[in-house]
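The primary structure of each chain is shown beneath.
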There are 4 protein chains.
Amino acid sequence: MAFENKRARSLRIAYIGGGSRGWAWGFMKDLAMDGDMEGEVRLYDIDQEAAKRNEIIGGRISAHPNALSRWSYNTASSLKNALTGADFVVISILPGTFKEMRCDVHEPEKFGIYQSVGDSTGPGGLMRALRTIPMFVEIAEAVKAFCPEAWVINYTNPMSLCINTLYEIFPGIKAFGCCHEVFGTQKLLCSMLADQCGIEGAGREQIKTNVLGINHFTWFDKASFEGIDLFPIYHEFSEKYYNTGFTKDKDDNWMNSSFNSSHRVKLDLFRRYGLIAAAGDRHLAEFMPPWYLKDPETAQSWKFGLTTVDWREKDLEEKLDRSRRLAKGEEEIELSGSGEEGHLLIKALLGLGDMISNVNIPNLGQIPNLPLGAVVETNALFRYDYIAPVFAGEMPDNVLALTMPHVINQKNILKAAINCDPSLAFSAFMNDPLVKLLPEEGKALFKSMIEGTAAFLPDKWKRHI
Amino acid sequence: MAFENKRARSLRIAYIGGGSRGWAWGFMKDLAMDGDMEGEVRLYDIDQEAAKRNEIIGGRISAHPNALSRWSYNTASSLKNALTGADFVVISILPGTFKEMRCDVHEPEKFGIYQSVGDSTGPGGLMRALRTIPMFVEIAEAVKAFCPEAWVINYTNPMSLCINTLYEIFPGIKAFGCCHEVFGTQKLLCSMLADQCGIEGAGREQIKTNVLGINHFTWFDKASFEGIDLFPIYHEFSEKYYNTGFTKDKDDNWMNSSFNSSHRVKLDLFRRYGLIAAAGDRHLAEFMPPWYLKDPETAQSWKFGLTTVDWREKDLEEKLDRSRRLAKGEEEIELSGSGEEGHLLIKALLGLGDMISNVNIPNLGQIPNLPLGAVVETNALFRYDYIAPVFAGEMPDNVLALTMPHVINQKNILKAAINCDPSLAFSAFMNDPLVKLLPEEGKALFKSMIEGTAAFLPDKWKRHI
Amino acid sequence: MAFENKRARSLRIAYIGGGSRGWAWGFMKDLAMDGDMEGEVRLYDIDQEAAKRNEIIGGRISAHPNALSRWSYNTASSLKNALTGADFVVISILPGTFKEMRCDVHEPEKFGIYQSVGDSTGPGGLMRALRTIPMFVEIAEAVKAFCPEAWVINYTNPMSLCINTLYEIFPGIKAFGCCHEVFGTQKLLCSMLADQCGIEGAGREQIKTNVLGINHFTWFDKASFEGIDLFPIYHEFSEKYYNTGFTKDKDDNWMNSSFNSSHRVKLDLFRRYGLIAAAGDRHLAEFMPPWYLKDPETAQSWKFGLTTVDWREKDLEEKLDRSRRLAKGEEEIELSGSGEEGHLLIKALLGLGDMISNVNIPNLGQIPNLPLGAVVETNALFRYDYIAPVFAGEMPDNVLALTMPHVINQKNILKAAINCDPSLAFSAFMNDPLVKLLPEEGKALFKSMIEGTAAFLPDKWKRHI
Amino acid sequence: MAFENKRARSLRIAYIGGGSRGWAWGFMKDLAMDGDMEGEVRLYDIDQEAAKRNEIIGGRISAHPNALSRWSYNTASSLKNALTGADFVVISILPGTFKEMRCDVHEPEKFGIYQSVGDSTGPGGLMRALRTIPMFVEIAEAVKAFCPEAWVINYTNPMSLCINTLYEIFPGIKAFGCCHEVFGTQKLLCSMLADQCGIEGAGREQIKTNVLGINHFTWFDKASFEGIDLFPIYHEFSEKYYNTGFTKDKDDNWMNSSFNSSHRVKLDLFRRYGLIAAAGDRHLAEFMPPWYLKDPETAQSWKFGLTTVDWREKDLEEKLDRSRRLAKGEEEIELSGSGEEGHLLIKALLGLGDMISNVNIPNLGQIPNLPLGAVVETNALFRYDYIAPVFAGEMPDNVLALTMPHVINQKNILKAAINCDPSLAFSAFMNDPLVKLLPEEGKALFKSMIEGTAAFLPDKWKRHI
């Protein structure tokens, strides 16, 4: 990498999960629309064919007449090839297949446990973690070996545990996790401004929030817009829409379109705990006891959807079709921003301007009453070659009571996954707030879920199954 | 107080709850059987008549021909009179009446929540805390005003919250909480030594343990007897008796006779978590999710009893009868040790010999992964005018996961009780592992339990009911 | 305060030390040149006449044709009148007179101790602290009583101890300390860029630094400019100018003109410790052992000046003259920025845009290896009604070794000043790195310095003198 | 090792520095006089001849008619042979020769720096550390390789840095450091009891103290004897003997005979800081600024001796003579206790009875305001296979100010020694309170001292010399 007229040239970005649809395309477009950087993206994916298709699509995006910069896209044949010499590494992988995901999400339903996503917490999140952590062990070791100075940006879930694994294996890694759930809540506050105060057109970046918590179970204890404290307004807002839900903020970003909710869970949490929960209702509900997820009817009454794997499969099929059309040039490239911040954070780390944004990194004390080293989500300052968390303050004790069990569970899951320790994994499983089973029932579910994900577990697990 | 020939003379002990049966009598006998101290005990009780009866009984005990020291017993008409000039303060009160306790224990049963004791945790423990904390606020203020240098020994439950309240209100207080549950587990290890190794006659003081946890949910991570590591033996023991339970350690101390268990819960916890749980099964079961307390049949299958309030009322009646007989001289005084250590700890604090014993005090770092200030139970060194906790080490993460929710709940309950904050109290209520209700069910139970204990709540609570 | 078209109106600022020359005028001009805020400034000073003159001067500044906003200036007759209703409080006072300052600076010279400023550390800083802390006790109590929600900005030295006092007396205070020494070092880096790299015109705000340390003994462990790491360049720079000093960065701001140095101390510290010391040489030298301040010749060889009180008196006289001319309208008002950031931080706290700047506040963990609560200087995020420190990281152990003695000394000085404890004050005195005396010599100097400052000490001190 | 009738048999103790005179003989006698343990001692020394002589002397001691146990003594030809299978490891080595020690102690005198011992702190302690740490690196690696479960007892100075090295290299090591300086101060308190209160015959074990600090700069903040607070008595004692010193406690233990002082430094420290300094004056004086060590006359006026290396050489010669006589049987063995506790702590660790004693181990929080991991000296509980520090509490801030510079210096010295970093070592050198030199003078002394110890430094140092 080198600067030329304040423009970063010859930047090398490794994209692990480079066959990804959607995420990868959005990132390619964000790069193309930004005139401050140029270079090469190396796409690595265990599905080489998908990576190859993205190589073509990336090339088309970069060649778009409105593109402000030129990027070359190349498929990397190995992790080593992707990483060697990389300045930045983006990770966005699907750990396992929809078969495993089906088991994660739907197997617990046989025991009366419903999950709206199943990728971060709950029995599904735990199983996904058990198979994802070994992959991140491999990635961390490869980064250590081939590009120890590179910045690593992760988008994969379970976010907290992915980041935790990277630091556990390579403590010197410069990694962080990005998630747009906080953005969604900032957008809700923009909609609220319009609805309650008649203030139209506020951008979500103008909503200034203090972020604290863990990924997908994140909170605001401060929120303002140009000198206006948003808490009293949110209070009125929650009273007004608590029963009906609020649905005027439909998001037409493809990534979120099927995930809309009416924010009833969020408003209920505000009334109970006094903070603004800063993630989608589907995520929030899973971190709580099964108040909102007792059964599908309950979820429906709270007006949020359970994302089925059937839906995911159908969605994937459409994306695959689109992928083929885009690669063949049968569909026009439309240049539009993804709303994600990855490329902006890259620029900040290159020294092209400070950024304050929410990020998932190990706790260095930014949340003093969560354990040091636990991966937390708070604001951070992004600058030339460093990220410094912004002190977020203590979690209020009532919210801490909800959060701490997850933090401890994550630590135990990490240890269980790295050591292939089913007894510790089961103890974490039984501690999950969604799991209200007797030990013998729990054991049965745990066993069948482990079997369902076994294809992606290290061999050491096999003897326990 | 003054020393004369290495004997402490003119010691002044205030006994709050001085009308207590059983506890008070045991303490009086322990004092009488010890030749190193002499002085006055001032009995204070809101039931003055009971205190007066104990004044007579205390006099009879002190006059026993085998008594090694002489103590005078006097009823104090006020807390101020009891405390002024006191060197030591003993607190052993019943917060509320059996009416409130009936509600604590049995009201939740209507919602499918069963409790084996209901005085430390669970819905019952929480309600008991809400009415006990204001009493301890009053005691702490009185100690601060009338005997700030006195050592305060508490026996009242909920232990952790009582101690927490004393330090919250008067941070300079020299208070600690004593509990014999650890002793019971040490005795079990003695019985195990006899059963497994043929070693008879080991005293529980010879069982050296590292104690860590919170009261009634306490653990040993080290246990030895004269250079023998007891963990491998306990492992065999747990395999042998896991199914049938172990019942060869019947305790004939009156205080425990009706509370025997077969230790199946304890053995199950060992198999799951690898540590020796160091409290009676009845207590341990309540701190866990309702695995052992799903319903009365489940508890029975784990072979421990649910202590009903009916039983308590019958027990009290017998003790009242005995109290009258003892006061009238119709029953002989029998001098025998209580097995408690209160008087020994007093001697250690007077400088008459070091003691190492388990104690409940705020965490100064003795358990580094529990929050500072939380009341924890570990070993401590007792010496002339100071108690220094012995470093107990970190709780293993799997046991931490079980413990931390209670620690945070206690902090919230303390705050809720002191500020009369029903919303925070309800949030703690819903966080209790025994409470697996939907919010609206929880609300109904909470409301009826608050009403059931309202007679002993500060007026400020009234408007919330 | 209220917003009108994104402009803050009716802002109320209390200025304690409102008769100040220089500082106050700069602040008045900064306000006038900023179009985003308007309101009233209440000038409070024990020298009422000076405040009155500044009332007139402030009026003239506000009436300047180029002023972008209108501020009214009023003299307040009491602290209470100044503070009641204030949104912001600025503190910029001279604790004591030049008589005391003469003793602070010059009395130690009789014992071979030379100081270049004598207001932050060393015997002079300590004595100044002893008389300043009681004044800040009074201010803290007044803020608590009259405007507990106001933001308090301090410019007075000794900075760390002033801020520490405010928080010690009123823990809920929203106070912070601003200092321009860091700015000066950023400007030096700009000059270096020109000198070494031919990059002209860089603004000091463009120099991105990670700031850590305590006021006037502050360090950068990261520094960059538009993606260029400045450390290798500073390394070359230090080799080049170590012997001669670097003098091409003459600062023509009146506030600094007499304070120029050649940065030899700074370059020496870099060579020894590897970090960029971020304060003027005159300040840095005083925090070290007397390597640079052994005697006036040594200081001269390091090419920095000892600020004498004679100079200060002459400087004051000139300013007083100017003050009279300005008040009488005999001298034109020139509108120009002061280079200070106070007004910008006020805007950020009003919600008019985020700021990242260095600030002195209690350590919440931003420097994990300095004690919590110690007042440290790091970057912080300034936002609508809150300041959140940016995590600065641990001080390297070699620099920690230099810093920690001052941190502990400050704690002891604070305690000694609040409790009027001469024995503790003397123990801090003897611990100062500049004081290399035997106890009996130290005692003699301490005594004569206490006498020299006694006019401004609380009566309780008197009996110790 | 195995128990037989509560007696530990077949214990294996490795003695590193097994050719030592004095220390080794005392330990051998302590073992012989104790009937609870038996086994083998393997003597390892780089001076094989000395080890062989001690093998014979050990045999004679064990064969003494009054010996209560039989131990076999064998010379080990390598560290590996000594350690393999060891249950306990004793380290008592002389790092380097008297040639190096002469440089440590006397070279600084050329620069006006006087040291009374020169083995723990000051320029001498630092140099000794630089050559000792590599030896302890080797020992730690050997323990890890050959007997990772063994308990390691160190007697070598600089104590704190030796223990620190062991844990730095092998974090799982079970090591601790024993020092009798605290015992000496407890004996002084016994003498005081006789002198002030007419209480004769108190044993030093009966003096109950709370110990806090670092080795050779240790303090009591609590001290009692059978319920008597010793602080008011020590206050009177210090007033009485401050001027003349107290000399009625002559110690006739050979190990201390030449080291007597009159405790004037100790009494002066009490008057200044309010705590009882708990080490010999010769040690205490070195940790302070050169108040007591300005020059030999000053030391004499404080009535403590500077231990010259001439004296040490003469002392060694006598011991060597004695060693030959003992080995040849020309001198009778006299069985008498050494006053050390090593053998008692071994018994406690075997499970033969709890011990509370002062010990040097890494800070786990026993002194909350010293950094975690720093080696501190406090009380600890010794029990079957574990040592748990007793919470000692915070150091008062005035004493903390004296202690913290040494703690930070030790960390830097450890790092410098392990990394062979002369620049960091020099920065620690200049930070030592005894070193009041300008950098260029310091450099000259540092250089000549490094040369003086170079024979025992790793090769990597060579290129820096």
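Residues numbered from 1 in each chain as written. Chains lettered and ligands numbered in written order. Predicted model: local features only at pLDDT ≥ 70, side-chain atom pairs only at ≥ 80, totals over all residues.

### Section: the relation of the copies chain C and chain D
Mapping chain C onto chain D calls for a rotation angle of 180° and an axial translation of 0.0 Å; the resulting RMSD is 0.0 Å. Taken together, the rotation angle and the small translation identify this as a two-fold axis. Measuring from the rotation axis to each C-alpha of chain C, the shortest distance belongs to P405 of chain C, at 3.4 Å. Both copies contact each other with a shared surface, as 100% of the interface residues of chain C are interface residues in chain D too. (Least-squares fit on C-alpha atoms with pLDDT ≥ 70 in both. Contact = placed C-beta atoms within 7 Å.)

### Considering the interface of chain B and chain D
Contacts between the two partners involve 25 residues from chain B and, on the opposite side, 25 residues from chain D. Elements supplying a minimum of two residues to the side of chain B that touches chain D: β8 (207-214), β9 (217-225), β13 (375-383) and β14 (386-389) of chain B. Tallying contributions element by element places β14 of chain B first for the side of chain B that touches chain D, with three residues. Residue composition of the side of chain B that touches chain D, by class: 13 nonpolar, six polar and six charged. (Helix = DSSP H or I, 4+ residues; strand = E, 2+ residues; numbered from the N terminus. Nonpolar A, V, L, I, M, F, W, Y, C, P; charged D, E, K, R; others polar.)

### A few points about helix α1 (residues 23-32) of chain A
Residues and elements named next belong to chain A. In terms of residue burial, α1 counts as a mostly covered element, since nine of its ten residues are buried. Among the residues making up α1, those that are buried are A24, W25, G26, F27, M28, K29, D30, L31 and A32. Where α1 is buried, its residues touch β2 (7-16), α2 (48-62), β4 (71-75), β5 (88-91) and α13 (342-350). (Buried ≥ 20, exposed ≤ 12 C-beta atoms within 10 Å, placed from the backbone.)

### Considerations on the packing of helix α15 (residues 422-431) of chain B against helix α16 (residues 439-453) of chain B
Residues and elements named next belong to chain B. Running from N to C, α15 and α16 point in directions that differ by 115°, and their axes come no closer than 10 Å. Note that α15 runs across α16; the crossing there is right-handed. Contacts from F426, F429 and M430 of α15 reach α16 at P439, G442 and F446. In terms of residue class, the contact of α15 with α16 is made up of five nonpolar, one polar and no charged. (Axes fitted to C-alpha atoms, helices over the stretch in contact; angles between N-to-C directions. Left-handed = near helix turned anticlockwise from the far one by under 90°.)

### Here we look at the confidence of the model for chain A
Caution is warranted with low-pLDDT regions, since their predicted coordinates should not be read in detail. All names here are of chain A. Summary statistics for chain A give a mean pLDDT of 95 and a share of 97% for residues scoring 70 or more. With pLDDT under 50 throughout, residues 252-258 is counted as low confidence; its partners more than four residues away or in other chains account for seven contacts. Taken over the whole predicted complex, pTM reads 0.96, whereas the ipTM for its chain interfaces reads 0.94. (pLDDT = per-residue confidence, 0-100.)

### A closer look at helix α4 (residues 98-106) of chain B
When α4 of chain B is considered as a whole, its buried residues turn out to be E100, M101, C103, D104 and V105 of chain B. Elements in contact with the buried residues of α4 of chain B: α5 (122-146), α12 (309-328) and α16 of chain B.

### Digging into the interface of chain C and chain D
Contacts between the two partners involve 20 residues from chain C and, on the opposite side, 20 residues from chain D. Among the elements of the structure, α14 (397-419) and α15 (422-431) of chain C are those that each provide at least two residues to the side of chain C that touches chain D. Residue contributions to the side of chain C that touches chain D peak at eleven residues, all from α14 of chain C. Looking at the side of chain C that touches chain D, its residues break down into nine nonpolar, five polar and six charged.

### Describing the pairing of strand β14 (residues 386-389) of chain D
Looking at chain direction, strand β13 (residues 375-383) of chain D and β14 of chain D are connected through four bridges and run antiparallel. When the sheet's bridge partners are listed, R383 of chain D is paired in β14 of chain D with Y386 of chain D. (Pairing = 2+ DSSP bridges.)

### Thoughts on the environment of L161 of chain D
Residues and elements named next belong to chain D. Among the structural elements, L161 can be located in helix α6 (residues 159-169). In this structure L161 comes out as buried when scored by C-beta crowding, with 29 C-beta atoms within 10 Å. When near neighbours in sequence (up to four residues on either side) are disregarded, L161 contacts A129, I133, Q410, I413 and L414.

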